[in-house]
Amino acid sequence: MNFAFRPVDPLTDAELLHSWLTHPKAAYWMMLDARLEDVERAYMAVAADEHQEAFLGLEDGVPVFVMERYDPVHRELPGLYDPLPGDVGMHFLTPATDTPRSGFTLAVITAVMAHLFEDPDVRRVVVEPDVSNSAVHALNEAVGFVAEREIQKPEKTALLSFCTREQFLAKRATAVTA
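Note that the coordinates shown come from a computational prediction; the quantities given were computed from them, not determined experimentally.

## Here we look at the overall build of the protein
No. 1: When its secondary structure is counted, the protein shows 5 helices and 7 strands.
No. 2: Order of helices (α) and strands (β) in the protein, N terminus to C terminus: β-α-α-β-β-β-α-β-α-β-β-α.
No. 3: Over its C-alpha atoms the protein spans a radius of gyration of 16 Å, differing by no more than 12% from the 16 Å that the globule rule assigns to 178 residues.
No. 4: When its C-alpha atoms are laid out on the principal axes, the protein stretches across 40 × 40 × 30 Å.
No. 5: Expressed as a percentage of its 178 residues, the buried residues of the protein come to 43%.
No. 6: Expressed as a percentage of contacts within the protein between residues at least 6 apart in sequence, the contacts between residues at least 24 apart total 61%.
No. 7: Within the structure as shown, the protein displays about 9500 Å² of accessible surface, and the carbon and sulfur contribution to it stands at 54%.

## Looking at the packing of aromatic side chains
No. 1: Going through the model one piece at a time under the given rule, you end up with 5 aromatic pairs.
No. 2: Seen from their ring centres, Phe5 and Phe65 are 5.6 Å apart, and the 75° between their planes marks the pair as edge-to-face. Linking Phe5 in strand 1 (residues 4–7) with Phe65 in strand 3 (residues 62–70), this pair joins segments that are 60 residues apart in sequence.
No. 3: You can call Phe65 buried: its relative accessible area is 0%.
No. 4: Linked through ring pairs, Phe3, Phe5, Phe65 and Phe104 together constitute an aromatic cluster.

## Considerations on the side chain of Thr94
No. 1: With respect to the helices and strands, Thr94 occurs in the loop between strand 4 (87–93) and helix 3 (104–117).
No. 2: Not counting the four nearest positions on each side in its chain, Thr94 is found in contact with Lys25, Val64, Phe65, Phe104, Thr105 and Val108.

## Focus on the nonpolar core
No. 1: Of all hydrophobic cores here, the largest spans 26 residues; its most connected members are Phe3, Met90, Phe92, Val112, Met113, Val125 and Phe145.
No. 2: Listed by contribution, the elements that provide at least two residues to this core are strand 3, strand 4, helix 3, strand 5 (124–127) and helix 4 (134–142).
No. 3: Not counting the four nearest positions on each side in its chain, Met90 is found in contact with Met67, Glu68, Tyr70, Ile109, Val112, Met113, Leu116, Val125, Val126, Val127 and Phe145.

## With respect to the pattern of salt bridges
No. 1: This structure, assessed with the given rule, holds 14 salt bridges.
No. 2: Look at the salt bridges and you will find they share partners, linking Glu76, Glu128, Lys153, Glu155 and Lys156 into a network.

## A word on the pairing of strand 4
No. 1: Judged by how many residues are buried, strand 4 sits mostly within the fold: 7 of 7 residues are covered.
No. 2: Across the two faces of strand 4 the burial is the same, with Asp87, Gly89, His91 and Leu93 and Val88, Met90 and Phe92 all buried.
No. 3: Judged from the 5 bridges that link them, strand 3 and strand 4 form a sheet pairing that is antiparallel. Following the sheet pairing, Val66 is matched in strand 4 by Leu93.
No. 4: As defined by bridge partners, strand 4 adjoins strand 5 across 3 bridges and the pair is classed as parallel.

## Quick look at the pairing of strand 5
In regular strands, side chains alternate between the two faces of the sheet.
No. 1: Burial of the side chains of strand 5 extends over both faces: Arg124 and Val126 are buried on one face and Val125 and Val127 on the other.
No. 2: The parallel pair strand 4 and strand 5 is bridged by helix 3, and the resulting crossover is right-handed.
No. 3: Bridge analysis of strand 5 against strand 7 (residues 157–164) gives 4 bridges, and the strand direction is antiparallel. Within strand 7, the position partnered with Val126 by the bridge is Phe162.

## Brief notes about helix 2 (residues 36–48)
No. 1: Its 13 residues give helix 2 an end-to-end C-alpha distance of 18 Å, which sits within 8% of 18 Å, the value for a rise of 1.5 Å per residue.
No. 2: Regarding helix 2, the residues found buried are Val39, Tyr43 and Val46. Each buried residue of helix 2 sits inside an arc of 50° when the element is viewed along its axis, so together they form one side.
No. 3: Against helix 1 (14–21), strand 2 (52–59) and strand 3 lie the buried residues of helix 2.

About the cut-offs
Residues numbered from 1 in each chain as written. Predicted model: local features only at pLDDT ≥ 70, side-chain atom pairs only at ≥ 80, totals over all residues. Heavy atoms only, no water. Helix = DSSP H or I, 4+ residues; strand = E, 2+ residues; numbered from the N terminus. Rg over C-alpha atoms; globule rule 2.2 N^0.38 Å. Buried < 20%, exposed > 50% of the residue type's maximum accessible area, 1.4 Å probe, protein only. Contact = heavy atoms within 4.5 Å. Areas by Shrake-Rupley, 256 points an atom, 1.4 Å probe, with all protein chains shown as cover. Phe/Tyr/Trp six-rings, centres within 6.5 Å; stacked < 30°, edge-to-face > 60°. Core = buried A, V, L, I, M, F, W, Y, C linked by side-chain atoms within 4.5 Å. Salt bridge = Lys/Arg side-chain N within 4 Å of Asp/Glu carboxyl O. Pairing = 2+ DSSP bridges. Right-handed = clockwise from strand over helix to strand, strands pointing away. Expected span 1.5 Å × (residues − 1). Arc of directions from axis to C-beta.

What follows is the structure in structure tokens.
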């Protein structure tokens, strides 16, 4: 699967993102009750923030996932861990579908990680999914993340996990030879 990335346009993409974020599958994004205006405002805030950005993942020009990149020193994790130079935080969401595709979500997180590591300044990706989100923990592990510890965020108990460029490349090499 080949994916392209483009920045989220908060106004033109809000309706699509609203449909994804208010579906029960997206419960961990904590926007199930969001109105369209809430999604517009949330992504306008992301677009205006120098410490985060959002992208749509496209397959054949069609949006099929959303990815957020953030600076964990300033967003999501300030004071909750000791950041290293080259750390970048990430969230991603594949929307609910009536026609699931085997391996799709793994292909998405692999593409997201490859995209992040295209930036030579990125040395390690940091994630903080809800501790009860076992599906994303398995996906994270599959691309090289190592869980460090549980942390308490205002909105959830999260599993702080890290993936270096080397860990990601090693997992990719293993996947290719498997």
